[in-house]
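# Per-entry structural report
Spelled out from the first residue to the last, the chains are:
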Amino acid sequence: MTSEEVISYFENPRSPLPLNYVAKGTLNSNSIIAAINPRATEEVIRGVLRASKQKNAVVIFELALSEMSISGGYTGYTPELFAKRCKNAAEKEKWFAYALHADHLTVKKGTDEEMKTVKKEIEARVKAGFTGFAIDTSFLFDRTQPSVKGQLEQIIKKGLVLFEFLEEQMKGRAYGLEGEVGEIGITEYTTVEEATYYVKSLKENGVFLDYLAIANGSKHGVNVDAEGNIIPQLGINVKRTVEIVEALKKEGFNTRIAQHGITGTPIDVIESTFPHGDVAKGNIGTHWQNVVYSVLEEYEPELYSEMRTWVLEKYMKEGVDEHKIFASNAKRAWKPFFNKIENLKTDTKEKIIEKAEEEMLKFIKALKMENTAELCYQHITSNNLSDTY
């Protein structure tokens with residue numbers, strides 16, 4: 001196998017990679033595969049793919065249920081539109097080494113109506129060609145129960161209903177799975193016992209997780225100071241994260257950690273401190289939104305001002321700094337301004353691509369993603385999987 005073979009394989013148009021091919025191909029490497037939540041524009045996707053191609057890297061594109069839904073979520077994206085957006089970007093950049101992931105298919109109450117809604121959203125993603133699915137029932141953790149079994153009972157019970165429904169919908173097609181046992185952003189850390197019990201219980205019911213999301217100190221979004229500068233996030237509990245992965249390995253599981261909420265963590269900390277390989281998937285979302293806003297502020301200040309004013313007028317609270325309000329709610333502006341964002345000036349779009357490429361190259365280095373497309377290619381060809389997706 002030569003690098004030319006790998007490049008040729010992923011330059012040719014093809015469907016998104018099954019997420020489990022990415023997980024298995026990079027298993028036991030020291031890489032963390034970036035899961036990019038582009039949220040805003042096709043140009044972010046193009047910049048990410050352009051950088052990934054330069055470094056022979058595989059990447060994951062994802063959006064959560066709150067962001068992307070049959071009705072458009074808060075970004076304006078439906079599953080079909082997002083899938084097409086990623087495909088269009090891949091065609092323009094000639095790089096198809098990406099998986100398409102449905103992040104946070106979240107169940108918060110577990111009611112029949114909610115479960116019915118999530119099933120419809122799963123159907124829409126399957127139809128659109130998604131190749132990875134994160135079933136998130138972590139909100140159902142029962143703190144009134146004294147035992148781990150009791151605390152996780154509804155998380156596992158409702159999760160299995162959705163995992164089994166997904167399996168039926170995929171009809172034998174390859175795909176990857178992520179589960180979540182600890183709600184992202186809570187102050188309690190997921191324990192080793194909780195993580196192993198959850199993964200083991202799913203396996204006993206025929207569900208094999210590629211990735212596990214845990215509560216380890218991270219949170220979604222960013223914090224900013226009074227001037228609007230991002231406050232670095234340094235709260236990820238690396239020790240607990242490694243303890244959980246070591247316990248999973250001892251039990252014979254190939255499940256690795258999906259680290260949510262990376263935005264705000266300094267690049268040098270990611271490179272030097274993160275347990276690469278134990279954390280095998282790294283979710284980066286708000287960062288790309290901030291990239292787009294920074295370009296808009298410079299290249300289309302009137303539109304930026306209009307979007308910022310809309311956010312502040314809609315979400316401003318007495319006694320709260322406007323920078324904090326905007327940082328927390330800027331994501332809400334994408335849907336109402338969807339058409340204007342679609343029609344940005346050519347120079348603006350090119351700058352977004354350029355900036356996204358520049359930022360992605362930094363992440364590729366910090367996450368040690370270089371040549372991961374080659375690892376996936378080796379997995380595909382050595383197992384005769386080329387015609388399976």
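Per chain, residue numbering runs from 1 following the sequence as it is written. Local features in this predicted model are restricted to residues whose pLDDT is 70 or higher, and side-chain atom pairs enter the listing and the counts only when it is 80 or higher, whereas totals over whole chains, interfaces and linings include all residues. Side-chain descriptors were evaluated using all non-hydrogen atoms of the structure, hydrogens and water having been removed beforehand.

### Re unusual backbone geometry
- Notably, Asn-28 is not glycine yet its phi reads approximately 70°, a positive angle.
- Each helix is a run of H or I in the DSSP string that is no shorter than four residues. Each strand is a run of E no shorter than two, and both are numbered from the N terminus. Here Asn-28 shows up in the loop between helix H2 (19–26) and strand E1 (33–36).
- Between buried and exposed lies partly exposed: a residue is buried under 20% and exposed over 50% of the maximum accessible area for its type, with that area taken using a 1.4 Å probe on protein chains only. Owing to a relative accessible area of 68%, Asn-28 belongs among the exposed residues under this scheme.

### Quick notes on helix H15 (residues 346–367)
- Each helix should span, by expectation, one fewer than its residue count multiplied by 1.5 Å. Counted at 1.5 Å a residue, the expected span for H15 with its 22 residues is 32 Å, and the 31 Å between its end C-alpha atoms agrees.
- Of all the residues in H15, the buried ones are Thr-348, Ile-352, Ile-353, Ala-356, Glu-357, Glu-359, Met-360, Phe-363, Ile-364, Ala-366 and Leu-367.
- Lys-368 occupies a position one or two residues after H15 and carries a positive phi of about 60°.

### A short note on the pattern of salt bridges
- Any carboxyl oxygen of Asp or Glu within 4 Å of a side-chain nitrogen of Lys or Arg constitutes a salt bridge here. Applying the stated rule across the entire model yields 24 salt bridges.
- Of the charged contacts in the structure, one is a salt bridge between Glu-251 and Lys-200, with a shortest N-O distance of 3.6 Å. Linking Glu-251 in the loop between helix H9 (238–250) and strand E7 (256–259) with Lys-200 in helix H8 (residues 192–204), this pair joins segments that are 51 residues apart in sequence.
- In this structure, Glu-243 and Lys-239 form a salt bridge, with 2.6 Å as the shortest nitrogen-oxygen distance. A residue pair is termed a helical-turn pair when its members lie 3 or 4 positions apart in one helix, as Glu-243 and Lys-239 do in helix H9 at four residues.
- Judged by its relative accessible area of 59%, Lys-239 falls in the exposed class.
- When salt bridges that share partners are traced, they join Glu-42, Arg-85, Lys-92 and Glu-342 into one network.

### Let's talk about the environment of Ala-247
- Structurally, Ala-247 is set in helix H9.
- Linking Ala-247 and Glu-168, residues 79 residues apart in sequence, is a C-alpha distance of 31 Å.
- Among all residues touching Ala-247, those that are not within four sequence positions of it are Val-192 and Thr-196. Two residues qualify as a contact provided that any one of their heavy atoms is within 4.5 Å of a heavy atom in the partner residue.

### Here we look at the side chain of Thr-26
- Relative to the helices and strands, Thr-26 is located in helix H2.
- Judged by relative accessible area, Thr-26 falls into the buried class, the value being 6%.
- Contacts described as polar in this section are N or O atom pairs within 3.5 Å, which, within protein, must combine one atom able to donate a hydrogen with one able to accept it, while residues neighboring in sequence count only if both atoms come from side chains. Within the structure, the side chain of Thr-26 is placed 2.7 Å from the backbone oxygen of Val-22, a separation counted as a polar contact.

### A look at helix H4 (residues 79–93)
- The first and last C-alpha atoms of H4 sit 21 Å apart over 15 residues, in line with the 21 Å expected at 1.5 Å per residue.
- Along H4, the residues that are buried comprise Pro-79, Phe-82, Ala-83, Arg-85, Cys-86, Ala-89, Ala-90 and Glu-93. Taken end-on, H4 shows its buried residues confined to a sector of 155°, consistent with a single buried face.
- Immediately downstream of H4, the backbone of Lys-94 shows phi near 55°, a positive value. Working definition: the arc comes from the directions between the helix axis and the C-beta atoms, pointing outward to the latter.

### Some thoughts on the packing of helix H1 (residues 3–11) against helix H16 (residues 372–382)
- For helices, the fitted line uses only the C-alpha atoms of the stretch in contact; every axis is such a line through C-alpha atoms, and the angle between N-to-C directions lies from 0 to 180 degrees. With their axes 10 Å apart at the nearest point, H1 and H16 run at an angle of 85° to one another. Overall, the two elements H1 and H16 adopt an arrangement that is roughly perpendicular. Facing Glu-5, Val-6, Tyr-9 and Phe-10 of H1, the residues of H16 in contact are Ala-373, Glu-374, Tyr-377 and Ile-380.
- Charged means Asp, Glu, Lys or Arg here, nonpolar means Ala, Val, Leu, Ile, Met, Phe, Trp, Tyr, Cys or Pro, and polar covers whatever is left, Gly included. Taken together, the residues that form the contact of H1 with H16 break down as six nonpolar, no polar and two charged. Any angle between 65 and 115 degrees counts as roughly perpendicular, while under 35 counts as roughly parallel, over 145 as roughly antiparallel, and the rest as oblique.

### Some details on the packing of H4 against helix H5 (residues 112–128)
- One can describe the packing of H4 onto H5 by two numbers: an axis separation of 8 Å at closest approach and a directional angle of 30°. Taken together, the axes of H4 and H5 lie roughly parallel to each other. Where H4 crosses over H5, the handedness of that crossing is right-handed. In this structure, H4 uses Pro-79, Glu-80 and Ala-83 to contact H5, whose residues at the interface are Ala-124, Arg-125 and Ala-128. The crossing is said to be left-handed when, going from far helix to near helix, the turn is anticlockwise and less than a right angle, and right-handed when the turn is clockwise.

### Thoughts on the packing of aromatic side chains
- In summary, the pairing rule links any two rings of Phe, Tyr or Trp, Trp by its six-membered ring, whose centres are within 6.5 Å, and it sorts them by plane angle into stacked for under 30 degrees, edge-to-face for over 60 and tilted for everything else. Taken as a whole and assessed by the stated rule, the structure comprises 16 aromatic pairs.
- Here the aromatic rings of Tyr-9 and Phe-10 are separated by 5.0 Å at their centres, their planes lie at 90°, and the arrangement is edge-to-face. Each member of the pair, Tyr-9 as well as Phe-10, is classed as buried.
- Here, a charge over a ring means that NZ of Lys or CZ of Arg falls within 6 Å of the ring centre while also lying within 35 degrees of the ring normal. Over the ring of Tyr-9 we find Arg-14, and its NZ or CZ is 3.6 Å from the ring centre.

### Focus: the pairing of strand E8 (residues 279–284)
- Buried residues dominate E8, accounting for six of its six residues.
- Only when DSSP finds a minimum of two bridges between them are two strands counted as paired. As defined by bridge partners, E7 adjoins E8 across three bridges and the pair is classed as parallel. Across the sheet, the residue bridging to Ala-258 is Lys-281, located in E8.
- The β-α-β motif built from E7, the intervening helix H10 (residues 267–273) and the parallel element E8 has right-handed crossover chirality. Crossover handedness is defined here as right-handed if the route from the first strand over the helix to the second strand goes clockwise, with the strands pointing away from the viewer.

### Considering the nonpolar core
- Each nonpolar core is a collection of buried residues, namely Ala, Val, Leu, Ile, Met, Phe, Trp, Tyr and Cys, held together in the definition by side-chain atoms within 4.5 Å. The biggest cluster of nonpolar side chains holds 119 residues, and the ones touching the most others in it are Phe-61, Phe-82, Phe-133, Tyr-198, Leu-212, Trp-288 and Met-360.
- The element contributing the most residues to this core is helix H7 (residues 153–170), with eight residues.
- Once residues lying within four places of it in the same chain are set aside, the contact partners of Leu-212 are Gly-179, Val-181, Ala-195, Tyr-198, Val-199, Leu-248, Thr-255, Arg-256, Ile-257 and Ala-258.

### Description of the confidence of the model for the chain
- Across the chain, pLDDT averages 93, with 94% of residues at or above 70.
- The predictor's confidence in any single residue is recorded as pLDDT, a number from 0 to 100. For the stretch residues 220–226, pLDDT sits under 50, and the model shows 26 contacts to residues farther than four places along the chain or on other chains.

### A closer look at the state of the cysteines
- The term disulfide is used for any two cysteine sulfur atoms that are within 2.5 Å. Across all of its chains, the model carries zero disulfides by this definition.
- Summary of cysteine pairing: Cys-86 is not part of a disulfide, and the nearest cysteine sulfur, belonging to Cys-376, is at 17 Å.
- The exposure class assigned to Cys-376 is buried, which follows from its relative accessible area of 0%.

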